[in-house]
Amino acid sequence: MNSDRVLPNQRQHREGLTTATHDWTMVKAGTLIEKQILVTIDADATVEDACEVLLKNGITSAPVYDSSRSMYVGMFDYGDLMTYILLLLKKMEVPLEDQTMEMRDLIQRTSRSQNVPVKLASDLSGKDPFCTVLPETRLGGVVHDFGTGIHRVAVMDAEGNMKGILSQSSTLDYLMRHLSEYPQLQSVMQKSLQQCGLTNNRVLSVNGEEKVLDALISMSTNGVSSLAVLDDQGMLLGNISMTDIKHIMKNLRTSWLWISCFQLVCKIRLSHGVESGEDQYPILDVNAKSTFGYTLSKLQATKAHRMWVVNDSGCAVGVVSLTDVFRVLSRLIDE
């Protein structure tokens, strides 16, 4: 586990905000996870079994619990799995001075083809440290922290009992479902992405002909969780992300690591159609004139973590991530 940081459980609010009849910033974090069924992973389970837990429950991350120490030791997600795969295939090198004891143990075990317990791989990517908030934490405070790049927080009571996981995605879903109750949000929802300053983010991409494994290496090197898949003219063909590893791990389709990114996009679209019965796979794009509200609705409907901004020719010119969304909402609180 890289860190155990307790986020602020309260933010200072202006008088006008705190006395509003419907103030979304004052909703308690515990409210958003009341009906959540908490899924945990045993610390001694293998990385492969931990991945199976994520697949079976349709989730992207879960807390890792060490019963011998009666404590949570971190989180395990697809980012950690990607790092594990790259270390396993010797496609990633970590300087000795940056290696934790757990990482050294993991590297030694993989070199000997031994099973690796997930407690060694939790928080391996170093991108999503284990952060906690109290159930009484106000949503405004959580939104501020999501705007800094934190993707999820564990909601734990004062006794250290975990009540649930609050993520960027679940928070967005809550706000969109209750949007009519929060008049303070109506104005920003009508603004265009351009007006919100969300059209100039750099696009990190991969050519559709490049291998999936090369895309994973690029994501790891650049510290991102997704890449746009483009053709030779820069046209958006699709998207490849860390969570797509689940399609590779399902039935251990490791050979998919060596197919092209465009082939993977096509295979995922095909499997999505078979599983959902839908002919269409959602295209994760918007344009600079799309409203903030429309973009959020599309993120909510597709359960995606980002939308690619394309121009009139269909070329990717920007990207809007959930972190960008919460940065805009955070500015709204501060205004």
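Rules behind the numbers
- Residues numbered from 1 in each chain as written.
- Predicted model: local features only at pLDDT ≥ 70, side-chain atom pairs only at ≥ 80, totals over all residues.
- Heavy atoms only, no water.
- Helix = DSSP H or I, 4+ residues; strand = E, 2+ residues; numbered from the N terminus.
- Buried < 20%, exposed > 50% of the residue type's maximum accessible area, 1.4 Å probe, protein only.
- Contact = heavy atoms within 4.5 Å.
- Areas by Shrake-Rupley, 256 points an atom, 1.4 Å probe, with all protein chains shown as cover.
- Pairing = 2+ DSSP bridges.
- Axes fitted to C-alpha atoms, helices over the stretch in contact; angles between N-to-C directions.
- Arc of directions from axis to C-beta.
- pLDDT = per-residue confidence, 0-100.

Focus on the overall build of the protein chain
Along its length, the protein chain carries 14 helices and 13 strands. When burial is assessed residue by residue, the protein chain has 50% of its 335 residues classed as buried. Taking as baseline every contact in the protein chain between residues at least 6 positions apart, the subset at least 24 positions apart corresponds to 62%. On the protein chain, roughly 16,500 Å² of surface is accessible, and the fraction owed to carbon and sulfur atoms is 48%.

Quick word on helix α8 (residues 168–177)
Residues Q168, T171, L172, Y174, L175 and M176 constitute the buried set of α8. Of the surrounding secondary structure, the elements contacted by the buried residues of α8 are α2 (29–32), α7 (139–146), β7 (162–167), α9 (186–189), α13 (292–302) and α14 (322–334).

So, the sheet that holds strand β2 (residues 41–42)
Taken in spatial order, the three strands make up an open sheet running β2-β3-β4, and their pairing is mixed. Two strands bound the open sheet, and with one partner strand each, they are β2 and β4 (71–77). Sheet topology places β2 next to strand β3 (residues 61–66); two bridges connect them, and they run parallel. Paired with I41 across the bridge in β3 is V64. Strands β2, β3 and β4 of the sheet are contacted by helix α3 (residues 47–57), whose axis makes an angle of about 75° with β4.

Focus: the environment of L213
Mapped onto the fold, L213 is located in helix α10 (residues 212–222). What makes L213 buried here is its relative accessible area of 4%. When the C-alpha atoms of L213 and I259 are compared, they prove to be 8.3 Å apart, with 46 residues separating the residues in sequence.

Considering α10
All buried positions along α10 are accounted for by V212, L213, A215, L216, M219 and S220. One face of α10 carries all of its buried residues, which in axial projection span an arc of 160°. Note on α10: the residue one or two positions beyond its end, G223, has a positive phi of about 65°.

Here we look at the confidence of the model for the protein chain
The predicted structure's coordinates, where accompanied by low pLDDT, should not be read in detail. Counting all residues, the mean pLDDT for the protein chain is 87, and 90% of those residues have values of 70 or more. Here residues 1–21 is modelled with pLDDT under 50, and outside its nearest four sequence neighbours on either side it reaches 46 contacts, counting other chains as well.

Some points on the sheet that holds strand β12 (residues 306–310)
If you walk across this open sheet you meet the three strands as β11-β12-β13, and the pairing is mixed. If you trace the sheet from one side to the other, it starts and ends with β11 (285–286) and β13 (316–321), each paired once. Examined bridge by bridge, β12 and β13 share five bridges and lie antiparallel to one another. By the bridge assignment for β13, R306 is matched with S321. The strands touched by α13 are β11, β12 and β13; relative to β12, the strand with the most contacts, the crossing angle is about 130°.

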